[in-house]
Amino acid sequence: MWEYDEKMKLKIGLAEMLKGGVIMDVTTPEQARIAEEAGACAVMALERVPADIRKEGGVARMASVKIIKDIMAAVTIPVMAKARIGHFAEAQVLEAIGVDYIDESEVLTPADEEHHINKWPFKVPFVCGARNLGEALRRIGEGAAMIRTKGEAGSGNIVEAVRHLRAITGEIRQLTVLREEELMAKAKELGAPLEIVKWVATNGKLPVPNFSAGGIATPADASLVMQLGAEAVFVGSGIFKSSDPAKRARAIVHATTHYHEPHVVAECSEDLGEAMRGIDVSKLDQKELLQTRGW
Amino acid sequence: MKNGGKRIGILALQGDFALHARMLDRLEAPWKLVKHVPDLDEIGGLILPGGESTTMLKFFGEEGWGEAIRRFAAQGKPLFGTCAGTILLASEVLNPPQERLGLIDITVERNAYGRQVDSSVRYGDCPELTDHPLEMVFIRAPIIRRVGAGVRVLGRAEGLPVLVEQGSVLAATFHPELTEDETVHRYFLRKV
């Protein structure tokens, strides 16, 4: 059963502190310092950004402990790292070295094709990706303390993040108008725990913070997902695959804070150099999609 | 609780400003999110929320916030910082040293308990505010290493000062906004 106990309060507490901010993918201590200097509220330490994972292929695993530790030593902001779906031993390693948040991520090659990590026993909080409300609530049932849209990582294309955000917020709105006796059938349809379905129906939001990730490449992209209800944004390949990462990072930080002020978004969109190239997601083969990983 | 119609501003550059708004709603105190310097002219008191102090400082560096908030404080208007907000208000910051407003004479050490795995819920005492033990949530919290002569310690947890006050400035290293306990916010509203 989902419980807002002391442990969950601390896990969600850190997610609350990240709200209104930008979490940036970094692969080296130098990139981490650039991100911090630009105003990132946290960094995600990984070995390859999703765009490179997509290009180079092979098995994508948790980053090397050395890289993560070097990045932790380089900055004072929280450091997150990714574990493979279902790979609880990678998660144990990440907890042992003291990362601040674990992303059980579809960007890495899944280690288990049926089960996600049971996140409750961990002291470190987890964030998980979701494409719709059912997926989000299953992850929360497993103990995730933050949900993010999956989007399509490494694509530089916002269309999938928008689809997922609209799906989650739309399905939440629908839940709030159901009668109580209709919630069991809805829980069955969503494949989600009834207790959490009831909580969402009563409160009209997820019981954990809801961030957006997967394809954010410009200040206007950040503004778009914030206006659609995201509470903070993750930027993966979008920053360090652009022509002027420091400038773009700072611009996305500003656009996230002032997302509802078009003149500020316009101002920080000026003279940014080239954005990452991007992929038309509809041209991708079904098996090339990262978002379909997760169950 | 009515406040003589004086709105409380909540600095909303980044962090848990929405939780402070939720707390002020419960106390029926009108509030306004503060995102630009001119917003300061429309409020009677200012809350600096939890979040990442380095992120908020980027905005401070670019938009003249430091001078504006110091001017706001010089008018005797009250300020209240939690966690990152307290780091911004302090007169000295360690681990590492960084820019600050210098509006309360304390030295704070950032991330002094450790990383997220060392975050904790503790119960502390604030005898002047309440006679019940106060639930205090510490998230990657700072520790107050030095308290200046003009600063009063209002709350302690495990021997360490965690809630301090100097004139119109109130600062907590924990997050009352993450709990259901209204004591600290109620105390701040009395200052406005």
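Residues numbered from 1 in each chain as written. Chains lettered and ligands numbered in written order. Predicted model: local features only at pLDDT ≥ 70, side-chain atom pairs only at ≥ 80, totals over all residues. Heavy atoms only, no water.

Engineer: Which residues make up the packing of aromatic side chains, and what are the values?
Structural biologist: Here the structure, examined in full by the defined rule, presents six aromatic pairs over all chains. Between Phe211 of chain A and Phe234 of chain A, the ring centres sit 6.2 Å apart and the planes meet at 50°, which makes this aromatic pair tilted. Here Phe211 of chain A, found in strand β7 (residues 210-211), pairs with Phe234 of chain A, found in strand β8 (residues 233-235); they are 23 residues apart in sequence, far enough to count as distant. Pairing Phe60 of chain B with Trp65 of chain B gives two aromatic rings, centres 6.3 Å apart and planes at 25°, and the pair type is stacked. Residue Trp65 of chain B is classed as buried on the basis of its relative accessible area of 0%. An aromatic cluster of three or more residues is present, and its members are Tyr113, Phe138 and Phe174 of chain B. We note Arg122 of chain B situated over the ring of Phe138 of chain B; from NZ or CZ to the ring centre the distance is 5.6 Å. (Phe/Tyr/Trp six-rings, centres within 6.5 Å; stacked < 30°, edge-to-face > 60°. Helix = DSSP H or I, 4+ residues; strand = E, 2+ residues; numbered from the N terminus. Buried < 20%, exposed > 50% of the residue type's maximum accessible area, 1.4 Å probe, protein only. Lys NZ or Arg CZ within 6 Å of the ring centre and 35° of its normal.)

Engineer: With reference to specific residues and values, describe the sheet that holds strand β10 (residues 152-157) of chain B.
Structural biologist: All names here are of chain B. Here seven strands make up an open sheet; going across it, the order is β2-β1-β3-β4-β12-β11-β10 and the pairing mixed. Single-partner strands in this sheet number two, and they are β2 (31-34) and β10. When strand polarity is set aside, the average angle formed by the axes of neighbouring strands in this sheet is 20°. Of the strand pairs in this sheet, strand β4 (residues 79-82) and strand β12 (residues 169-172) are connected by four bridges, and their pairing is parallel. Paired with Thr82 across the two strands is Ala172, which belongs to β12. In the packing of helix α1 (residues 17-26) onto the sheet, the strands contacted are β1 (8-11), β2, β3 (45-48) and β4, and the crossing angle to β1 comes to about 160°. (Pairing = 2+ DSSP bridges. Axes fitted to C-alpha atoms, helices over the stretch in contact; angles between N-to-C directions. Contact = heavy atoms within 4.5 Å.)

Engineer: Tell me about the environment of Val169 of chain B, and please be specific about residues and values.
Structural biologist: Residue and element names in this part refer to chain B. Structurally, the position occupied by Val169 is in strand β12. Overall, the relative accessible area of 3% leaves Val169 in the buried class. As for Val169 and Ser53, which are separated by 116 residues in sequence, their C-alpha atoms are 18 Å apart. With residues up to four places along the chain from it excluded, the contact list for Val169 reads Leu79, Leu89, Leu103, Ile104, Val164 and Lys191.

Engineer: Tell me what's going on with the layout of surface pockets, and back it up with residues and numbers.
Structural biologist: By volume, the largest pocket is sized at about 940 Å³. The wall of the largest pocket is formed by 38 residues, among which Glu16, Lys19, Lys205 and Glu231 of chain A together with Ala18 of chain B lie closest to the centre. Those elements giving two or more residues to the lining of the largest pocket turn out to be α1 (6-18), α7 (159-176) and α12 (245-257) of chain A together with α1 of chain B. No other element matches α1 of chain B, which puts four residues into the lining of the largest pocket. Its residues placed into classes, the lining of the largest pocket shows 20 nonpolar, nine polar and nine charged. Space inside the second largest pocket adds up to approximately 290 Å³. Lining the second largest pocket we find 14 residues, and of these His254, Val264, Glu267 and Cys268 of chain A together with Glu62 of chain B sit closest to its centre. Elements supplying a minimum of two residues to the lining of the second largest pocket: α12 and α13 (262-269) of chain A together with α2 (53-63) of chain B. Element by element, the count of residues in the lining of the second largest pocket is highest for α12 of chain A, at four residues. Here the lining of the second largest pocket is built from residues that sort into four nonpolar, three polar and seven charged. (1 Å grid on protein atoms, 1.4 Å probe; cavity = no way out; pocket = protein on both sides within 12 Å on 5 of 7 lines; lining within 4 Å. Points joined across faces, edges and corners; volume = space filled by probe spheres on them. Nonpolar A, V, L, I, M, F, W, Y, C, P; charged D, E, K, R; others polar.)

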